[in-house]
Amino acid sequence: MNEQTIETPRNHNRLIGRLLLAVAVSAAFGFALVPLYDTLCRVSGLNGKTFSRGGLAAGDEKPVDHVDRTRLVTVEFTGTVMPGLPWEMRPLQTSVDLHPGEMQQVAFLVRNTTDRPITGQAVPSVTPGQAAQYFHKIECFCFTQQTLGPGEAREMPLMFIVKPELDADVRTITLSYAFFEVPAAPAPTRKDGRT
């Protein structure tokens, strides 16, 4: 005689609770990946992330003291909006030619396509990776989170210098931005457990 296991509502409730916990942990991990990935790439130079040496903020580094007029470098710009962020993004210039050491300013156009305010964070990447340490952003929308109102479009400036110490074999640099949605902060919880 075979014994059959009888599922009880208590077992179902326990399983549902575990599944909901797994979903919540997975969602939290997904939101934590963006800053963790960005930090890892900045520290290691992985994936061409730009960073500042010696713990200085990007605007605090020593300015370039000369321009190398003997050569030109082409800087190309691309932008991506990650899945789940209902924005549109494009560079207003797809590329610029510059002498290393020259300051350049360009802009990206970003638009919120929804009827609600949304906050996003841009994460930069430079290709080829060895050029990242010579790409110095002076002013960049990627330094802070950006909040766009419903249907709002905004030109976001980028001011940068490619340092003259860049290897002479590097003639083209691609600067890419990926915009991620920043999750809204949870409402504060009162002492009685309500929000």
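Since this is a predicted model, take the numbers as computed values, not measurements.

Reading guide: rules and limits
- Residues numbered from 1 in each chain as written.
- Predicted model: local features only at pLDDT ≥ 70, side-chain atom pairs only at ≥ 80, totals over all residues.
- Heavy atoms only, no water.
- Disulfide = S-S within 2.5 Å.
- Buried < 20%, exposed > 50% of the residue type's maximum accessible area, 1.4 Å probe, protein only.
- Phe/Tyr/Trp six-rings, centres within 6.5 Å; stacked < 30°, edge-to-face > 60°.
- Helix = DSSP H or I, 4+ residues; strand = E, 2+ residues; numbered from the N terminus.
- Pairing = 2+ DSSP bridges.
- Axes fitted to C-alpha atoms, helices over the stretch in contact; angles between N-to-C directions.
- Contact = heavy atoms within 4.5 Å.
- Polar contact = N/O pair within 3.5 Å; in protein donor to acceptor, adjacent residues only side chain to side chain.

### Some points on the state of the cysteines
Going through the model one piece at a time under the given rule, you end up with one disulfide. In this model Cys140 forms its disulfide with Cys142; the gap between the sulfur atoms is 2.5 Å. For the disulfide bridge between Cys140 and Cys142, the dihedral angle about the S-S bond is near 130 degrees, and by the sign convention the bridge is right-handed. There is no split in this pair, since Cys140 and Cys142 are both buried.

### So, the packing of aromatic side chains
Each pair of aromatic rings is reported with the distance of its centres and the angle of its planes. In total, this model carries eight aromatic pairs according to the counting rule given. Ring geometry for Phe77 versus Phe108: centroids 6.2 Å apart, planes at 90 degrees, classification edge-to-face. Within this pair, whereas Phe77 is found in strand β1 (residues 73-81), its partner Phe108 is found in strand β4 (residues 103-112), the two being separated by 31 residues in sequence. Across the pair, Phe108 and Phe77 agree in class, each one buried. Measuring from ring centre to ring centre gives 5.1 Å for Trp87 and Phe179, while their planes differ by 65 degrees; the resulting arrangement is edge-to-face. A residue pair is termed long-range when its members are at least 10 positions apart, and Trp87 in strand β2 (residues 87-91) and Phe179 in strand β9 (residues 172-181) qualify at 92 residues. Note on accessibility: Trp87 and Phe179 belong to one class, buried. Site record: aromatic cluster; members linked through ring pairs are Phe77, Trp87, Phe108, Phe135, Phe141, Phe160, Tyr177 and Phe179.

### A word on the pairing of strand β5 (residues 118-127)
Among the ten residues in β5, eight count as buried, and that is most of the element. Across three bridges, β5 lies against strand β7 (residues 146-148) in antiparallel orientation. For Gly120, the partnering residue across the bridge sits in β7 and is Gln146. Examined bridge by bridge, β5 and β9 share eight bridges and lie antiparallel to one another. Paired with Gln121 across the two strands is Phe180, which belongs to β9.

### Points about the sheet that holds β5
As summarised here, the arrangement of the five strands in space is β3-β1-β9-β5-β7, forming an open sheet in which the pairing is mixed. The open sheet has two free edges, formed respectively by β3 (95-98) and β7, since each of these has just one partner strand. If you compare each strand with its neighbour and ignore which way they point, the axes differ by 30 degrees on average.

### Here we look at the sheet that holds strand β6 (residues 135-140)
Here we have four strands laid out as an open sheet, ordered β2-β4-β8-β6, and antiparallel in their pairing. Unpaired on one side and paired on the other, β2 and β6 mark the two borders of the sheet. Within this sheet the neighbouring strands show an average axis-to-axis angle of 25 degrees, counted without direction. Alignment of β4 against strand β8 (residues 153-162), held across nine bridges, turns out to be antiparallel. Within β8, the position partnered with Val106 by the bridge is Leu158.

### Some points on the environment of Arg71
For Arg71, the position within the fold is in the loop between α1 (9-44) and β1. Exposure remark for Arg71: the relative accessible area of 15% places this residue in the buried category. When the C-alpha atoms of Arg71 and Arg171 are compared, they prove to be 8.7 Å apart, with 100 residues separating the residues in sequence. Not counting residues within four places of it along the chain, the set of residues in contact with Arg71 comprises Leu98, His99, Pro100, Pro164, Leu166, Asp167, Ala168 and Val170. One polar contact links Arg71 to Asp68, side chain to side chain, over a distance of 3.0 Å.

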